[in-house]
Amino acid sequence: MNRPREASNHMKYSNISYKPGAYPDNDYGGGTPPNYHPNRTALDIIAELGSESNAHGLAKIVASRDTKRKVIWALLVIIGFTAATLQLSLLVRKYLQFQVVELSEIKDSMPVEYPSVTICNTEPISLRKIRKSVTKDKSEELRNWVRFIDGFRFEQMSFIHSIRAFYENLGEEAKKISHDLKDMLIHCRFNRELCSVKNFTTSFDGNYFNCFTFNGGHIKKNLEMHGTGPENGLSLIISVEKDDPLPGTYGIYNFENNILHSAGVRLVVHAPGSMPSPVDHGIDIPPGYSSSVGLKAVLHSRLPEPYGNCSEGTLQGMHKYRNTFFACLQLCKQRLIMSTCGCKSSALPDLPTENVTFCGEIPDWEDILMNVSGKVVPGMFIPTPALECEERMQRELNNDRAYEMSCQCFQPCSETSYLKSVSLSYWPLEFYQLNLLERFLNDNDTEHFMNIAYDYLAELARKGHDEEMSRNSSNSSDWSYTNQDKLKSKAASDLIRQTMLRLNIYLEDLSVVEYRQLPAYGLADLFADIGGTLGLWMGISVLTIMELMELIIRLIGLMFNVESDLPADEKDETHTGQKRVPAPKTHNGGSAPHESNYPDPYGPPEFNFRRGVEQPTN
């Protein structure tokens, strides 16, 4: 078939509206027929964008001429899409795990927060106060308690004879004979400045009774240090009040207690504002030595949700303390004992908001001792069911940590801990003991047991002075010290060293080691891996996603605008089902005849966008 040359020049255009010369400018102004609108379908738009897409597999499907090639590329695209989907799901799952890594960093040239320092006398009861109370006949209740525990039998005999049972049953009377800091503290110096009892706060512990904390004020008050060494730290000289017992009176040694029955102080170095735990975190400082405790600060920075479950704020039920994981667990144990046994334990932190009695309390012990009911027999068995419940709960909680899940205790987001190194040296030297006692003892306190040591040393000093004067006058080199003088000197020196200690707590390094948590797999890592996965399996990038968005927008536009954009004559054709094909005019104004084989008067387009290739020309 021979077609006009003029028409064949336009076969390579896919749309008649873009064929040059199809509609002369002098007839239609710009070459566009007035009643023509491209009747494009969704498949046309998908095929067009698919052939132009950066996703190579999609372009191959659209542009392939052979059906087998289309099927092969379609299978490859499906396989790639499946693999990419599986790998993407693994990446998203990895991101949603919110794993963290911990990095360590050394920070220099910054002030270091000085810790709270808590000291407790390892002997909870002051024998000096007991001696005074016995002398003044004010210890009747104490004597009755001793008679009670010696005259009857109990299931938990070890606990009944302990210091905890003494406190749980005598309460305020037991506190009255505990140690006071004004009796213990001889000298205090911090950062080259004098300090006193006013710089300490008092707390109570069921095992050590009164404990005293330096820098234990409000949690917002930070005490920062800019120097290292003992001269810039806290230096304390303490008397542990190791008095001799009254003649014929001796305590009961409890083999089940591994922390009492010793002389010295229990030292706890903890973060400012946190609750001290002398039993669990303390170290023993013995008398007769100068103990140096060097500290190195360690800062822990943890991530909150969703990477972790750290928490900020104060302890629930004890808002004066900062939240720590250990203290929270201790309070949780106390609540579990209270809910199960209906009583509380003196070995755990006391909740001031809960008004319950101690498990070891025997409410009517004085009536039993006085035989008020008339049914008491000496040596009879006294049941203590609440105490038995507490001991059973303590064993269960110590052997099974499953209870921690219900406690909802979390590590603080920011926490400071301190590494400790302890060293000891012999103290005080005998040469300085007399002057030390002169500065320590109060002239008005004539009943203090240390006066005996002072009297011995002062007598020997006067005698030595007299001997020195007489020796100089007579040119004699003989000393008249007797064996008794030497024994007194040794006894006085031993009494001082068994009673007094010096404690230095200081920073040995101003560099802070920070352990900081960081996200192990962040959002940027997820996007990078998503891009790599899509590029590996599908050849898809961000621009390809933009192409997909363009396709969606065009399909939506096609769905909503196809009827409104059709010319009036095409709307009529839509309703009647008959298509009107206008006869284009020729250059001379006549109508060009068209062949019945082609609805397009210029013949079929040489490029079919459904196949992506040009049609062969005849």
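On a predicted model such as this, the values are computed, not experimentally measured, just so you know.

Participant: Teacher, can you tell me more about the overall build of the protein here?
Facilitator: Looking only at helices and strands, one finds 22 helices and 21 strands in the protein. For the protein, buried positions account for 40% of its 618 residues. Residue pairs at least 24 apart in sequence account for 75% of intrachain contacts in the protein once pairs closer than 6 positions are excluded.

Participant: Is there a simple way to explain a negative patch on the surface in this structure?
Facilitator: There is a patch of like negative charges on the surface, built from Glu140, Asp364, Glu366 and Asp367. In this structure, Glu366 sits in helix 14 (residues 365-370). Accessibility expressed as a relative area gives 39% for Glu366, which makes it partly exposed.

Participant: Whenever I open this one, the UniProt feature "transmembrane region" (unreviewed entry) in the protein confuses me. Can you help?
Facilitator: The feature "transmembrane region" (unreviewed entry), as annotated in UniProt, sits at residues 71-92 in this numbering. Secondary structure content for residues 71-92 is 100% helix and 0% strand, while the C-alpha to C-alpha distance between its ends is 31 Å.

Participant: I tried to follow the sheet that holds strand 3 (residues 116-121) on my own but got confused; where do I start?
Facilitator: Two strands in a sheet stick together by hydrogen bonds in their backbones, pointing the same way (parallel) or opposite ways (antiparallel). Judged by pairing direction, the sheet is antiparallel, and its five strands sit side by side in the order 7-8-3-11-12 without closing on themselves. Because the sheet does not close on itself, it has two edges, and the strands there are strand 7 (200-205) and strand 12 (283-285). Neighbouring strand axes in the sheet, compared pairwise and without regard to direction, differ in orientation by 30° on average. In this sheet, strand 8 (residues 209-214) lies alongside strand 7 in antiparallel orientation, the contact comprising six bridges.

Participant: Looking at this structure, I do not really get the environment of Asp205. What am I missing?
Facilitator: Structurally, Asp205 can be placed in strand 7. As a C-alpha pair, Asp205 and Cys120 span 85 residues in sequence and 8.9 Å in three-dimensional space. The residues contacting Asp205, other than those within four sequence positions of it, are Cys211, Pro278 and Val279. Side-chain polar atoms of Asp205 contact the backbone nitrogen of Asn207, separated by 2.9 Å.

Participant: How should I be thinking about the packing of aromatic side chains in this particular structure?
Facilitator: For any pair of aromatic rings, the description rests on two quantities: the centre-to-centre distance and the angle between the ring planes. According to the stated counting rule, one finds 17 aromatic pairs in the structure shown. Taking 5.0 Å as the distance between ring centres and 65° as the angle between the ring planes, the aromatic pair formed by Tyr114 and Phe190 counts as edge-to-face. Here the residue Tyr114 occupies a position in the loop between strand 2 (112-113) and strand 3, and Phe190 occupies one in strand 5 (residues 185-190), the gap between them amounting to 76 residues. Pair check on accessibility: Tyr114 and Phe190 agree, each one buried. The side chain of Lys175 reaches across the aromatic face of Phe204, ending 4.7 Å from its centre. Sitting over the ring of Tyr289, Arg497 keeps its end group 5.4 Å from the ring centre.

Participant: Can you help me understand the state of the cysteines in this one?
Facilitator: Each disulfide consists of one covalent bond between the sulfur atoms belonging to two cysteines. On inspection of all chains with the given rule, the structure shows seven disulfides. Between the sulfur atoms of Cys341 and its disulfide mate Cys389 the distance is 1.9 Å. Handedness here is read from the sign of the S-S torsion; for Cys341 and Cys389, about -80°, the answer is left-handed. With a gap of 48 residues between them, Cys341 in helix 13 (residues 325-341) and Cys389 in helix 15 (residues 385-399) connect regions that are remote in the sequence. The exposure classification of Cys341 matches that of Cys389, with both residues buried.

Participant: Got a minute to help me understand a nonpolar patch on the surface in this structure?
Facilitator: Together, Val542, Leu543, Ile545, Met546 and Met549 make up an exposed nonpolar region whose accessible area comes to about 470 Å². With respect to the helices, strands and loops of the structure, Met549 is situated in helix 21 (residues 542-565). Looking at Met549, the relative accessible area reads 41%, which means it is partly exposed.

Participant: What's the story with the nonpolar core in this structure? I'm lost.
Facilitator: Across soluble globular proteins, you tend to see nonpolar side chains buried next to one another. The biggest cluster of nonpolar side chains holds 32 residues, and the ones touching the most others in it are Leu234, Leu267 and Ile505. Elements supplying a minimum of two residues to this core: strand 3, helix 11 (181-184), strand 5, strand 8, strand 10 (234-239), strand 11 (265-270), strand 13 (289-301) and strand 18 (500-507). Core analysis: the next-biggest nonpolar cluster, separate from the first, contains 31 residues, Ile125, Phe148, Ala174 and Ile382 among them.

Participant: Looking at this structure, how should I read the side chain of Ser493?
Facilitator: Examined against the element boundaries, Ser493 turns out to sit in helix 19 (residues 483-499). According to the relative accessible area criterion, Ser493 is buried, its value standing at 6%. Ignoring sequence-local partners within four residues, the contact set of Ser493 consists of Glu430 and Gln433.

Participant: Mind showing me how you'd approach the confidence of the model for the protein here?
Facilitator: One rule of thumb: low pLDDT means the predicted coordinates there are not for detailed reading. Predicted confidence across the protein gives a mean pLDDT of 80, with 77% of residues reaching 70 or more. Contacts for the low-pLDDT stretch residues 1-37, under 50 throughout, to residues beyond four places or in other chains number 65 contacts. Contacts for the low-pLDDT stretch residues 585-618, under 50 throughout, to residues beyond four places or in other chains number 75 contacts.

Participant: How should I be thinking about the packing of helix 4 (residues 56-63) against helix 5 (residues 67-96) in this particular structure?
Facilitator: Packed helix pairs are specified by the crossing angle of their axes together with the interaxial distance, meaning the distance between the axes. One way to put it is that helix 4 packs onto helix 5 with a least axis distance of 8 Å and a crossing angle of 160°. Put simply, helix 4 runs roughly antiparallel to helix 5. Our pair here, helix 4 against helix 5, has a crossing hand that is left-handed. Within the contact between the two elements, helix 4 uses Gly57, Leu58, Lys60, Ile61 and Val62 and helix 5 uses Arg69, Lys70, Trp73, Ala74 and Val77.

Participant: Would you mind going over the pairing of strand 11 with me for this structure?
Facilitator: Remark: a regular strand shows side chains that alternate across the two faces of the sheet. Counting buried positions along strand 11 yields six of six residues, so the element is predominantly enclosed. Direction of pairing for strand 3 relative to strand 11: antiparallel, over a ladder of six bridges. Counted as the bridge partner of Cys120 is Arg266 from strand 11. Strand direction decides the pairing type here: strand 11 and strand 12, joined by three bridges, are antiparallel. What sits directly across from Leu267, in strand 12, is Ile283.

Participant: I'm lost on the pattern of salt bridges in this one. Help?
Facilitator: Pairing between side chains of opposite charge can happen when their charged atoms approach one another. Tallying each qualifying case throughout the model produces 16 salt bridges. Among the ionic pairs, Lys129 bridges to Asp180, the shortest N-O distance being 2.8 Å. Separated by 51 residues along the polypeptide, Lys129 in helix 6 (residues 127-135) and Asp180 in the loop between helix 10 (172-176) and helix 11 bring together distant segments of the chain. Residue classification places Asp180 among the partly exposed positions, given a relative accessible area of 26%. With a shortest N-O distance of 3.8 Å, Glu168 and Arg164 are connected by a salt bridge. Of this pair, Glu168 and Arg164 both sit in helix 9 (residues 163-170), separated by four residues, roughly a single helical turn. An identical accessibility class is assigned to Glu168 and Arg164; each is buried. Ionic contacts of the salt-bridge type, sharing partners, join the residues Arg128, Asp183 and Glu241 into one network.

Each value, and the rule that gives it
- Residues numbered from 1 in each chain as written.
- Predicted model: local features only at pLDDT ≥ 70, side-chain atom pairs only at ≥ 80, totals over all residues.
- Heavy atoms only, no water.
- Helix = DSSP H or I, 4+ residues; strand = E, 2+ residues; numbered from the N terminus.
- Buried < 20%, exposed > 50% of the residue type's maximum accessible area, 1.4 Å probe, protein only.
- Contact = heavy atoms within 4.5 Å.
- Patch = residues over 30% accessible without salt bridge, like charges linked within 9 Å, V, L, I, M, F, W, Y side chains within 5 Å.
- Areas by Shrake-Rupley, 256 points an atom, 1.4 Å probe, with all protein chains shown as cover.
- Salt bridge = Lys/Arg side-chain N within 4 Å of Asp/Glu carboxyl O.
- Lys, Arg positive; Asp, Glu negative; His and termini not counted.
- Charge placed at Lys NZ, Arg CZ, Asp CG, Glu CD.
- UniProt positions renumbered as here; feature names shortened; annotations may be inferred.
- Pairing = 2+ DSSP bridges.
- Axes fitted to C-alpha atoms, helices over the stretch in contact; angles between N-to-C directions.
- Polar contact = N/O pair within 3.5 Å; in protein donor to acceptor, adjacent residues only side chain to side chain.
- Phe/Tyr/Trp six-rings, centres within 6.5 Å; stacked < 30°, edge-to-face > 60°.
- Lys NZ or Arg CZ within 6 Å of the ring centre and 35° of its normal.
- Disulfide = S-S within 2.5 Å.
- Core = buried A, V, L, I, M, F, W, Y, C linked by side-chain atoms within 4.5 Å.
- pLDDT = per-residue confidence, 0-100.
- Parallel < 35°, antiparallel > 145°, perpendicular 65-115°, else oblique.
- Left-handed = near helix turned anticlockwise from the far one by under 90°.

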